[in-house]
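Structural overview for review
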Amino acid sequence: MKRVLLLGGTGDALAIARGLSATHVYSLAGLARVPDDLACAVRVGGFGGVDGLVAYLGAERIGLVVDATHPYAAQMSRHAREACAIANVPLWAVRRPEWQAQTGDDWREARDWRGVVERIAEFHRPLFTLGREPLAHLDEIPASQHWTIRCLDAHPGNARATIVDARGPFTPEGERALFDAARIDVVISKNSGGRATEAKLAVARERGMPVVMLARPELPDADRAFDDASSARDALTQLNHET
Ligand code: NAP
């Protein structure tokens, strides 16, 4: 049986981890909740760059790496690609397809944080769903704006910013309530794909509200790529029956 190192930190990864036996390892960066109900081993924290990961793969006799990190966790994905090439370990990846704009959507692409700031200049009540990044800019909020920032951790905010700590999946009803309560007039999003956080896009669409979409980083190729957790799980089950 090939020993699997699963790189996680997403709902997809957790769904795959739930199907792994004690032989395998689920790895987390350590920013979010660490599950304590898995059969597989769980390790937490960075590997120490490409060199550290190469050393880890050898020391732990890993036979397959599965990259199920978030599509915007590009550094970890690049390190995994490089380390697997050096250590001659196959790399599989879950690469969630991007959301596609539908009729009625008003999406405006931003390439980086500066682009986001430019795109939202004409609005007053933005909802940020980018994770922590906006927290580093709380002192730069223009007088004409009040920011609502949704992220995983509680944070005090300030007179111009309200931080909402919440974890998906989110429902259209919940998103409508948040949009109303915070009087949101523009949404800022990563193009994460998947179901868990897409309700905000549907609610923006029904309200004719613009969405500023932060472009995805480029991700390296994997030896096998899957659109979702269930197809990766099926392939792992098949692999472990074969080996
Ligand atoms: P990143 O920029 O690609 O990675 C930064 C560093 O964190 C990596 O170089 C690595 O450190 C360590 N790291 C990342 N994922 C790891 C994992 N699964 N196991 C062990 N070390 C890991 O990643 P990020 O954007 O900060 O995301 C960190 C974690 O949060 C990832 O697990 C990701 O799946 C999850 N997450 C990210 C987002 C997002 O929008 N970026 C959203 C939801 C969840 P070393 O170089 O020392 O190995």
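Residues numbered from 1 in each chain as written. Predicted model: local features only at pLDDT ≥ 70, side-chain atom pairs only at ≥ 80, totals over all residues. Heavy atoms only, no water.

A few points about the sheet that holds strand E11 (residues 211-214)
- The strand order E6-E11-E10-E7-E8-E9 describes an open sheet built from six strands, whose pairing is parallel. The open sheet has two edge strands, strand E6 (107-110) and strand E9 (161-165), and neither has a second partner. Taking the axes of each pair of neighbouring strands and ignoring which way they run, one obtains an average angle of 20 degrees across the sheet.
- Alignment of strand E8 (residues 147-151) against E9, held across five bridges, turns out to be parallel. In the sheet register, cysteine 151 faces E9, and the bridge partner there is aspartate 165.
- Contacting strand E7 (126-129), E8, E9 and strand E10 (186-190), helix H5 (residues 172-182) crosses the sheet at an angle of about 150 degrees to E8. (Pairing = 2+ DSSP bridges. Helix = DSSP H or I, 4+ residues; strand = E, 2+ residues; numbered from the N terminus. Axes fitted to C-alpha atoms, helices over the stretch in contact; angles between N-to-C directions. Contact = heavy atoms within 4.5 Å.)

Some thoughts on the packing of H5 against helix H6 (residues 199-207)
- In the contact formed by H5 and H6, the axes pass within 9 Å of each other and the chain directions differ by 60 degrees. In terms of orientation, H5 and H6 fall into the oblique class. Considering the relative orientation of H5 and H6, their crossing is right-handed. Along the contact surface, H5 presents Pro172, Glu175, Arg176, Phe179 and Asp180, while H6 presents Ala199, Lys200, Val203, Ala204, Glu206 and Arg207.
- Considered class by class, the residues forming the contact of H5 with H6 number five nonpolar, no polar and six charged. (Parallel < 35°, antiparallel > 145°, perpendicular 65-115°, else oblique. Left-handed = near helix turned anticlockwise from the far one by under 90°. Nonpolar A, V, L, I, M, F, W, Y, C, P; charged D, E, K, R; others polar.)

Digging into empty space enclosed by the protein
- Per the stated rule, a full pass over the model turns up one cavity of 30 Å³ or more.
- If you add up the space inside the largest cavity, you get close to 70 Å³.
- What lines the largest cavity is Thr10, Asp12, Ala68, Thr69, His70, Pro71, Ser77, Val94, Arg95, Arg96, Arg216 and Leu219.
- Each residue belonging to the lining of the largest cavity can be placed in one class, and the counts come to four nonpolar, four polar and four charged. (1 Å grid on protein atoms, 1.4 Å probe; cavity = no way out; pocket = protein on both sides within 12 Å on 5 of 7 lines; lining within 4 Å. Points joined across faces, edges and corners; volume = space filled by probe spheres on them.)

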